[in-house]
Amino acid sequence: MGKGRPEVKVRGTVYLDHAGATLFPQSQLTSFTEDLMENVYGNPHSQNITSKLTQDTVEQVRYRILAHFHTTPEDYSVVFTSGSTAALRLVAEAFPWESPGPGSGGSHFCYLTDNHTSVVGMRKVAAAMNVISIPIRPEDIWTVEEQGTVDCDPDCQLPHLFCYPAQSNFSGTRYPLSWIEEVRSGQRRPVSVPGKWFILLDAASYVSTSPLDLSAHQADFVPISFYKIFGLPTGLGALLVNNRVAPLLRKSYFGGGTAAAYLAGEDFYIPRSSVVERFEDGTISYLDVVALKHGFDALERLTGSMENIQQHTFMLAQYTHTALSSLSYPNGAPVVQIYSDSDFSSPDVQGPIINFNVLDDSGNIIGYSQVEKMASLYNIQLRTGCFCNTGACQRHLGLSNEMVKKHLQAGHVCGDDVDLIDGQPTGSVRISFGYMSTLEDAQAFLRFIKATCLRLPGGQPVPQACDNEAGDESAEGTAHNTPAVAGVCELSPQKGAGPDPGVCNGSHLAASTVGLHLPLSVATNTQSTASEKAAGILRGNFGPHVVTNLYLYPIKSCAAFEVTVWPVGNQGLLYDRSWMVVNHNGICLSQKQEPRLCLIQPFIDLQQKVMVIKAKGMEPIEVPLEEDNGQAQICQSRVCMDRVNTYDCGEKISSWLSKFFGRPCHLIKQSSNFQRNAKKKPEKDPSPGTTATLSLVNKAQYLLVNTASAMELQQQLRASDNNGKEEVLPMKDLISRFRANIITNGTKAFEEEEWQELSIGSLRFQVVGPCHRCQMICIDQQTGQRNQDVFQQLSESRKRKVNFGIYLMHESLDLSSPCVLSVGSEVHPVLKEIVECQDPPASQKPRGVIS
């Protein structure tokens, strides 16, 4: 297949989202960088020597693209765009639509329902021209018979457009390229109307792993995105336009470089002659075009041809599909439900994509969000949702239009993690292979499915009767049964998936304050006593509901600071998640990217007004609790898609963190005059006009965990621990993984999920909802080491969503007198059904809190 072994994988990652974006080899990046260092590329609209180099290089790349698709400049033109979506929009806006008129029904826009969102979106442009849009189901176009010409005038030139994908980005189904000529000739009509059909072939997904011969299948428009083929550049695509239809395209706007002549003071404009010059508005991304040259070079050197890539990726998909289809529970129930229109018999009908949902042994679908979280524990990167293809998602999952609208009303939007509504899936799981994918990737994925689904109550795997054990640690025993293109597998240094999960800081819920001043006596930490009041409760002596532990996390994702009494501010516990560590680009770091954050130990000294930060092997360092208004430089950052105003805490702490992590880092703090409002509302409607404010938490002001729930989880871990081969997590270590602010004892596991309100001392809280857990709980907060057992056990025992703990919020505080939370305070919960039946009058509510 070629020479070289480019580094395309990182630290054992199993990357299975090549249909979303493929990876680039190191050699490609290196050669591109060397090119830029050795040559000066100027603006191609200039006439100097550097510009001439750019012009010639760009034209050479255009030829290279056409040759790649087996065509020539005589037949096709390459119009560079920002991606396939921009190419589709260009066609929608430039197509010669004709509105309905006397004696004419006007143009028709027909598209296969198994099309990407960007194709379906073209109907809005067509609608502005009063053009009729008609969705065509795959089964209808498959079964359509040759249409007669009784009602069709062969001389009618009314233009219609039919769009279909060469490959479904949802299921990998490949639709016949022969449809291009069949629709054009009238042999296969999307709808029976007089006129002339033009064909747009969406090839973005197809050409990433397969050859496309435009000399044999001459579509009128072919949009592509280059990052799906080469990995980079990511902001460049193209529209391949058949030259015979180019003169028909219309254009209203004109940008730089597209005019032969125009006047600023008069409506006079003459476009340039070629379709490329007319439609490439402004300066193209010419350095990205240069990068394409190196993409082609690397692809050819490493693989030999697209035919080799097609064969290699299909064999991996076929192997995985066969093994996945054969997996079953002891009761015979299948482990997965695969969504496909083919039997994976040939690359002519199926691409290297497998779409599925995981089932439990009763046949119920396990939500895709839960599967994705579990996959990340094994460092397997896949994709979930509907993949910007609602039509295919509806068809395969059996979702009616009414159900999709109902899901929207229930709060589900495209791209979120709401995976099940009333037991009905809102999406699925997709894996896809690229040219650098290996047999080890496929086997690592199959091991993950078996390890997470096929486990006996004792934690041991269920024996599988398979001739070819897909999950065998040794590739030698299976490689001969899985044909692969020689050389391509050499591209991956990876040998499987280790349990190296990511984490999302989903349990960070906390606080900050505005102008709160309290005596030191009410703010006490417990670094030496470790909450002795709670000792009896942690041993299982349940009494009334009381607070057994209080924790704040001054620096987001860093270690807990345990206290016995602590002041409360408008945003929760004072100074909870007021700071966060960011990388050199100002992006927040969590334990998902950097597990060692849990080894950073902050201590708050209210009397000295400093935070002392410690870590093993580092000298302690102090950071002021409040900013110096004269020195602080405000910068913007993001937390859970929210914009937040912050300020940098200075170079001294930046150097300290950078030394500890071995890469550039900064510590930033939320500005005291910035208010971030909570999006998540309490389960009981809040009082009108009140909104909870947040610090740098993810969801809500507080997180509460019930010790009884943790004890049940601990018992389940002990029962599934392979007959006690490993030491069960101590209770305090287990609780620390959930990073809660308030720990309470309880009489029943998970009873907290039935609470709607609660009071602690004089403070009243409303329950915002359960905490949906992610991979954060897999990190040992004492060592920073990952282990998937806790998440996996919680996933198995809780089913569906992996919930543990509840979010709390108070809406407003009367800060005229100190407000504190303390260990030993009684917790008085109110059950949901009681709240629904009777809401106490305002006069009976605790002083100082508006609920």
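Residues numbered from 1 in each chain as written. Predicted model: local features only at pLDDT ≥ 70, side-chain atom pairs only at ≥ 80, totals over all residues. Heavy atoms only, no water.

Chemist: Any chance you could explain the packing of helix α1 (residues 26-38) against helix α10 (residues 286-303) here in plain terms?
Modeler: Angle between the axes and distance between the axes: these two values describe a pair of packed helices. The contact between α1 and α10 brings their axes to 9 Å, and the two run at 140°. Taken together, α1 and α10 sit at an angle that is classed as oblique. As for how α1 packs across α10, the hand of that crossing is right-handed. Contacts between α1 and α10 pair Ser 27, Gln 28, Ser 31, Phe 32, Asp 35 and Leu 36 from the former with Leu 287, Val 290, Ala 291, His 294, Gly 295, Ala 298, Arg 301 and Leu 302 from the latter. For the contact of α1 with α10, a count of residues per class yields seven nonpolar, five polar and two charged. (Axes fitted to C-alpha atoms, helices over the stretch in contact; angles between N-to-C directions. Helix = DSSP H or I, 4+ residues; strand = E, 2+ residues; numbered from the N terminus. Parallel < 35°, antiparallel > 145°, perpendicular 65-115°, else oblique. Left-handed = near helix turned anticlockwise from the far one by under 90°. Contact = heavy atoms within 4.5 Å. Nonpolar A, V, L, I, M, F, W, Y, C, P; charged D, E, K, R; others polar.)

Chemist: Is there a simple way to explain the environment of Arg 278 in this structure?
Modeler: Counting through the fold element by element, Arg 278 comes out in helix α9 (residues 275-279). For Arg 278, a relative accessible area of 13% gives the class buried. As a C-alpha pair, Arg 278 and Gly 257 span 21 residues in sequence and 8.0 Å in three-dimensional space. Excluding anything up to four places from it in sequence, Arg 278 contacts Ala 246, Leu 249, Lys 251, Thr 258, Pro 271, Arg 272 and Ser 273. (Buried < 20%, exposed > 50% of the residue type's maximum accessible area, 1.4 Å probe, protein only.)

Chemist: Would you explain the pattern of salt bridges in this entry?
Modeler: Side chains that carry opposite charge are capable of pairing whenever their charged atoms lie near each other. This model, assessed by the stated rule, comprises 24 salt bridges. A salt bridge links Lys 52 to Asp 56, with the nearest nitrogen and oxygen atoms 2.9 Å apart. With Lys 52 and Asp 56 both in helix α2 (residues 49-68), this residue pair falls four residues apart, about one helical turn. Since its relative accessible area comes to 43%, Lys 52 is described here as partly exposed. Between Lys 251 and Asp 281 there is a salt bridge, with the nearest N and O atoms lying 2.8 Å from each other. Taken together, the positions of Lys 251 in the loop between β8 (237-242) and β9 (259-263) and Asp 281 in the loop between α9 and α10 put the pair 30 residues apart, joining distant regions of the chain. (Salt bridge = Lys/Arg side-chain N within 4 Å of Asp/Glu carboxyl O.)

Chemist: Please explain the confidence of the model for the chain as it appears in this structure.
Modeler: Low-pLDDT portions of the prediction should not be read for the details of their coordinates. Per-residue confidence for the chain gives a mean pLDDT of 84; residues scoring 70 or more make up 81%. This stretch, residues 526-543, has a pLDDT under 50; its non-local contacts, to residues over four places away or in other chains, come to 32 contacts. Here residues 839-851 is modelled with pLDDT under 50, and outside its nearest four sequence neighbours on either side it reaches 29 contacts, counting other chains as well. (pLDDT = per-residue confidence, 0-100.)

Chemist: Before we go on, may I ask you to explain the sheet that holds strand β25 (residues 610-614) in this structure?
Modeler: Whenever strands of a sheet pair, they do so through backbone hydrogen bonds, lying parallel or antiparallel. Spatially, three strands are ordered β24-β25-β26 in an open sheet, and the strand pairing comes out antiparallel. With partners counted over all chains shown, the strands left at the sheet margins are β24 (601-605) and β26 (621-624), one partner each. Here the average twist between neighbouring strands, direction ignored, is 25°. Where β24 lies against β25, five bridges are found, and the strand directions are antiparallel. Bridging across to β25, Pro 602 finds its partner in Ile 613. Strand contacts of helix α18 (residues 651-661): β25 and β26, with the helix running at about 135° to β26, the strand carrying the most contacts. (Pairing = 2+ DSSP bridges.)

Chemist: Help me understand the packing of helix α12 (residues 368-377) against helix α21 (residues 789-798) in this model?
Modeler: Two elements in contact, α12 and α21, have axes whose closest approach is 10 Å; the angle formed by their N-to-C orientations is 155°. In terms of axis orientation, α12 runs roughly antiparallel to α21. Where α12 crosses over α21, the two elements pack in a sense that is left-handed. Counting all contacts with α12, which are made through Gln 370, Lys 373, Met 374 and Leu 377, the residues of α21 involved are Phe 791, Gln 792 and Ser 795.

Chemist: Honestly, the pairing of strand β32 (residues 702-706) in this entry has me stumped. Any pointers?
Modeler: In regular strands, side chains alternate between the two faces of the sheet. Of all the five residues making up β32, five are buried; the element is thus mostly covered by neighbouring parts of the structure. Every second residue of β32 is oriented toward a common face, with Tyr 702, Leu 704 and Asn 706 on one face and Leu 703 and Val 705 on the other, all of them buried. Judged from the three bridges that link them, β32 and strand β36 (residues 803-809) form a sheet pairing that is antiparallel. Following the sheet pairing, Leu 703 is matched in β36 by Tyr 807. By the bridge criterion, three bridges tie β32 to strand β33 (residues 742-744) in an arrangement that is parallel. Bridge pairing in β33 links Asn 706 to Thr 744.

Chemist: Got a minute to help me understand the packing of aromatic side chains in this structure?
Modeler: Where two aromatic rings form a pair, the distance of their centres and the angle of their planes describe that pair. Summed over the entire model, instances satisfying the criterion amount to 26 aromatic pairs. Ring centres of Phe 660 and Phe 661 lie 5.0 Å apart, and the angle between their planes is 85°; this geometry places the pair in the edge-to-face category. Note on accessibility: Phe 660 and Phe 661 belong to one class, buried. Between Tyr 702 and Phe 765, the aromatic rings sit 5.1 Å apart at their centres with planes inclined by 85°, giving edge-to-face as the arrangement. Taken together, the residues span a long stretch of sequence, with Tyr 702 in strand β32 and Phe 765 in strand β35 (residues 763-772) at a distance of 63 residues. Cluster of aromatic residues (ring-pair linked, three or more members): Phe 95, Trp 97, Phe 109, Tyr 111, Phe 198 and Phe 221. (Phe/Tyr/Trp six-rings, centres within 6.5 Å; stacked < 30°, edge-to-face > 60°.)

Chemist: Which parts of the structure should I look at to understand α12?
Modeler: For an α-helix, the turn length of 3.6 residues means that residues three or four places apart are oriented alike. Buried residues dominate α12, accounting for nine of its ten residues. Taken together, the buried positions of α12 are Tyr 368, Ser 369, Gln 370, Val 371, Lys 373, Met 374, Ala 375, Ser 376 and Leu 377. Positioned one or two residues after α12, Asn 379 has a phi angle of 60°, which is positive.

Chemist: How do you make sense of the nonpolar core when you look at a structure like this?
Modeler: Soluble, globular proteins show a tendency: their nonpolar side chains are buried together. Among the nonpolar cores identified, the biggest contains 69 residues, and Leu 324, Phe 356, Phe 445, Phe 448, Ile 449 and Phe 738 are the most heavily contacted of them. If one sorts the elements of this core by residue count, helix α15 (residues 439-453) sits on top with eight residues. Ignoring anything within four residues of it in the chain, the contact list for Phe 448 reads Val 371, Met 374, Ala 375, Tyr 378 and Ile 380. (Core = buried A, V, L, I, M, F, W, Y, C linked by side-chain atoms within 4.5 Å.)

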